[in-house]
Every structure is written in C-alpha cells, then in structure tokens.
Amino acid sequence: MFTPSNLDKTKKYPVVNYIYPGPQGGGVGSRSFSAARSDHQAVAELGFIVVVIDGTCNPGRSKSFHDACYGNMADNTLEDQIAGLKQLAVKHPFIDLEKVGMWGHSGGGYATAAAMFRYPDFYKVGISESGNHDNRNYEDDWGERYIGLMVNDAQGKSNYEDQANQNFAANLKGKLLLAHGGMDDNVPPYNTYLVVDALVKANKDFDLVVFPNARHGFGADGTYMMRRRWDYFVKHLLGLEPPVEFKINPSFP
C-alpha cells in the first residue's frame, strides 16, 4: 500500500488498485525493497491510496494456490482484490471505497476491463492498457497452458466465451480508458478493438489512446501514457482538473 507522504488520516482518499493477475506472476513482483515501484508512489502523491495485491493463482506459494484459477482466467483475482480492499478499509478508515479505480497493462489490462464490466458498482474508473481481452485471439502457449483446450458445450458455447471481455462490455457504468500499441506483436491490437466494437454497439461512452508505432510496451511514448493515466484518475476519481499537457521530465542517474 502506497500513501501520500503528507497523509492526513482524518481525511478520505480515493483508491487506485494496480493489478497484474498472473498466473505466471503477480502485481507485486519482486519482494526486494523498492521505494517507488513503477509510478505507484508518484500516483499516491497526487492524492490517492495505491494498493497492489497478489491474488490467488499467483506462483510462489502452494500448487493449490497457483491452481485456483486454472481454466478460468476471467476470475482475474478480482474477488481477491475487492476482499483485500475491504479489509484494508476496515483497518484504515482513510480509504474511500466509494471511489475505487484500477489500472493494469497486458494481463492487467484484461483484468481492468473485466473489473469495470463485472463489478461496475465497485470499480468506478479503469485504465486498460494492451489487454488480451479474448484469449482465443492471443497466444495458444499462454491460453491453453492456463485455460486448457477450447471445447464446446451442448449449446455450442466454448469455455473461452465467458472469459472474453467484449461479451460483457454493455455492463460498463464508470469511466474507462483503453490503450494499445498499433504494432503490438505480443497482444495484437484487435484484442482491444473487439472491446471497442462492443462498447460502440452498446452505445457506451469510453476513451481510447492508440500508439500507432508502439509494440506491447509504449516505449518512447511511455511518459505520455503515464501522464494520461495520472490525469484520468485525477479528473474522474479525485474530481479535480489536472494541469493541461503537463510535461514529465524523467531523469536518470
């Protein structure tokens, strides 16, 4: 959990829930000390409580813990995330569960859209980057490893159908920003286009950023996406107007 350095425990703070659901790794990543861990601390300084939770099905514990979501990637550890946030809010009353947002990249992008579609009353703002939203359109060496072979039931419905985010896009209530690289050779951009198409057909408002020349990571455009992410949470979760086109100047030792 990351808090603002000037945390006032008498106030309420919106929550930004960062997610990478695995199952090959979790959002926390290395257990070695890191002061900022990506831009989590930077986001916290904007006036948020940033929470990262490794849910069931992440490796590094028992095999049964890792196997918990086998065959159902749509779970995305979301019930674990919600349960963890509710427990934290009991312990820390400055956490405002009426204002919860989520963001993630790749598998985290998939999970973020799923959170917005499956738990629309809990997650109010989502930023979904480069998500593998339909694993029938992603690498078989990942999907089949963790979901199994595609099989159809008596009605002709496949076991991958309920795991495809576009099929639940009509449930969107909050603010959703989708982002993808147009040259993504890991998760092809049409994964996000499937969700875009479904949102359009459902007459839902959403936001979209496409990086025409970017692959799976946004590379040289990364600070732009970081700024857009900060702005999106500040505007829609904190309820403030961010500075126009704020310039991030990263420094390196």
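Quick note: structure is the one above.
In this report, the structure presented in the accompanying data block is examined.

1. What to know about the pairing of strand β5 (residues 175–181)
Logical step 1: With six of seven residues buried, β5 lies mostly within the body of the structure.
Logical step 2: As paired strands, strand β4 (residues 125–129) and β5 are joined by five bridges and run parallel to one another. Considered in β5, the bridge of V125 is made with K175.
Logical step 3: As a crossover connection, the stretch from β4 through helix α5 (residues 140–146) into β5 is right-handed.

2. Observations concerning the packing of aromatic side chains
Logical step 1: Summed over all chains, the structure comprises eight aromatic pairs.
Logical step 2: An aromatic cluster is built from Y138, W142 and Y146, whose rings are joined through pairwise contacts.
Logical step 3: Its guanidinium or amino end placed over the ring of F168, R118 lies 4.1 Å from that ring's centre, counting from NZ or CZ.
Logical step 4: One residue, R229, lies across the ring of W103, its end atom 3.7 Å from the ring centre.

3. A short note on empty space enclosed by the protein
One water molecule sets the probe size; rolling that probe over the atoms shows where empty space is left.
Logical step 1: Per the stated rule, a full pass over the model turns up one cavity of 30 Å³ or more.
Logical step 2: When its volume is computed, the largest cavity comes out at roughly 70 Å³.
Logical step 3: Taken together, P21, G22, P23, C57, C69, M73, D75, N76, T77, G107, Y110 and W142 make up the lining of the largest cavity.
Logical step 4: When the residues that make up the lining of the largest cavity are grouped by side-chain class, the tally is seven nonpolar, four polar and one charged.

4. Here's the deal with a nonpolar patch on the surface
Logical step 1: Side chains of Y190, Y193, L208 and V210 sit close together on the surface and give an oily, nonpolar patch of about 360 Å² of accessible area.
Logical step 2: When residues of the nonpolar patch are traced back to their parent elements, those giving at least two are α6 (190–201) and β6 (207–211).
Logical step 3: In this fold, Y193 is placed in helix α6.
Logical step 4: For Y193, a relative accessible area of 38% gives the class partly exposed.

5. Describing α6
For an α-helix, 3.6 residues make a turn, and residues three or four places apart therefore share a direction.
Logical step 1: Between its first and last C-alpha atoms α6 spans 16 Å; for twelve residues at 1.5 Å apiece the expected length is 16 Å, and the two agree.
Logical step 2: Where α6 is buried, its residues meet α4 (107–118), β5 and β6.
Logical step 3: One or two steps after α6, the chain reaches N203, where phi turns positive at roughly 60 degrees.

6. Some points on the pairing of strand β1 (residues 13–18)
Logical step 1: The element β1 is extensively covered by neighbouring structure, given that six of its six residues are classed as buried.
Logical step 2: Direction of pairing for β1 relative to strand β3 (residues 95–105): parallel, over a ladder of five bridges. Within β3, the residue paired with Y18 across the bridge is W103.
Logical step 3: Sheet topology note: the β1/strand β2 (residues 49–52) ladder contains four bridges and is parallel. Each bridged residue has a counterpart across the sheet, and for Y18 the counterpart in β2 is V52.

7. Concerning the sheet that holds β1
Logical step 1: Reading across from one edge, β2-β1-β3-β4-β5-β6 is the order of the six strands in this open sheet, with parallel pairing throughout. The sheet is open, and its two edges are formed by β2 and β6, each paired on a single side. Ignoring strand direction, the axes of neighbouring strands in this sheet form an average angle of 15 degrees.
Logical step 2: Seen against the sheet, α6 touches β5 and β6 and runs at an angle of roughly 145 degrees to β5.

8. Some words on the environment of Y18
Logical step 1: Residue placement: Y18 occurs in strand β1.
Logical step 2: Given a relative accessible area of 14%, Y18 falls into the buried group.
Logical step 3: Residues contacting Y18, with those up to four places away along its chain left out, are G27, H40, V51, V52, I53, Q81, W103 and G104.

9. Overview of helix α3 (residues 78–91)
Logical step 1: Given a rise of 1.5 Å per residue, 14 residues ought to cover 20 Å, and the 20 Å separating the end C-alpha atoms of α3 matches this to within 8%.
Logical step 2: Turning to α3, its buried residues number three or more, namely L78, Q81, I82, G84, L85 and A89. Taken end-on, α3 shows its buried residues confined to a sector of 165 degrees, consistent with a single buried face. Those residues of α3 that are exposed and angled more than 90 degrees off the buried face are E79, Q87, V90 and K91.
Logical step 3: Buried positions along α3 lie against β1, β2, β3 and α4.

What counts as what
Residues numbered from 1 in each chain as written. Predicted model: local features only at pLDDT ≥ 70, side-chain atom pairs only at ≥ 80, totals over all residues. Heavy atoms only, no water. Buried < 20%, exposed > 50% of the residue type's maximum accessible area, 1.4 Å probe, protein only. Helix = DSSP H or I, 4+ residues; strand = E, 2+ residues; numbered from the N terminus. Pairing = 2+ DSSP bridges. Right-handed = clockwise from strand over helix to strand, strands pointing away. Phe/Tyr/Trp six-rings, centres within 6.5 Å; stacked < 30°, edge-to-face > 60°. Lys NZ or Arg CZ within 6 Å of the ring centre and 35° of its normal. 1 Å grid on protein atoms, 1.4 Å probe; cavity = no way out; pocket = protein on both sides within 12 Å on 5 of 7 lines; lining within 4 Å. Points joined across faces, edges and corners; volume = space filled by probe spheres on them. Nonpolar A, V, L, I, M, F, W, Y, C, P; charged D, E, K, R; others polar. Patch = residues over 30% accessible without salt bridge, like charges linked within 9 Å, V, L, I, M, F, W, Y side chains within 5 Å. Areas by Shrake-Rupley, 256 points an atom, 1.4 Å probe, with all protein chains shown as cover. Salt bridge = Lys/Arg side-chain N within 4 Å of Asp/Glu carboxyl O. Expected span 1.5 Å × (residues − 1). Contact = heavy atoms within 4.5 Å. Axes fitted to C-alpha atoms, helices over the stretch in contact; angles between N-to-C directions. Arc of directions from axis to C-beta.

On their own, these measurements won't tell you what the molecule is for.
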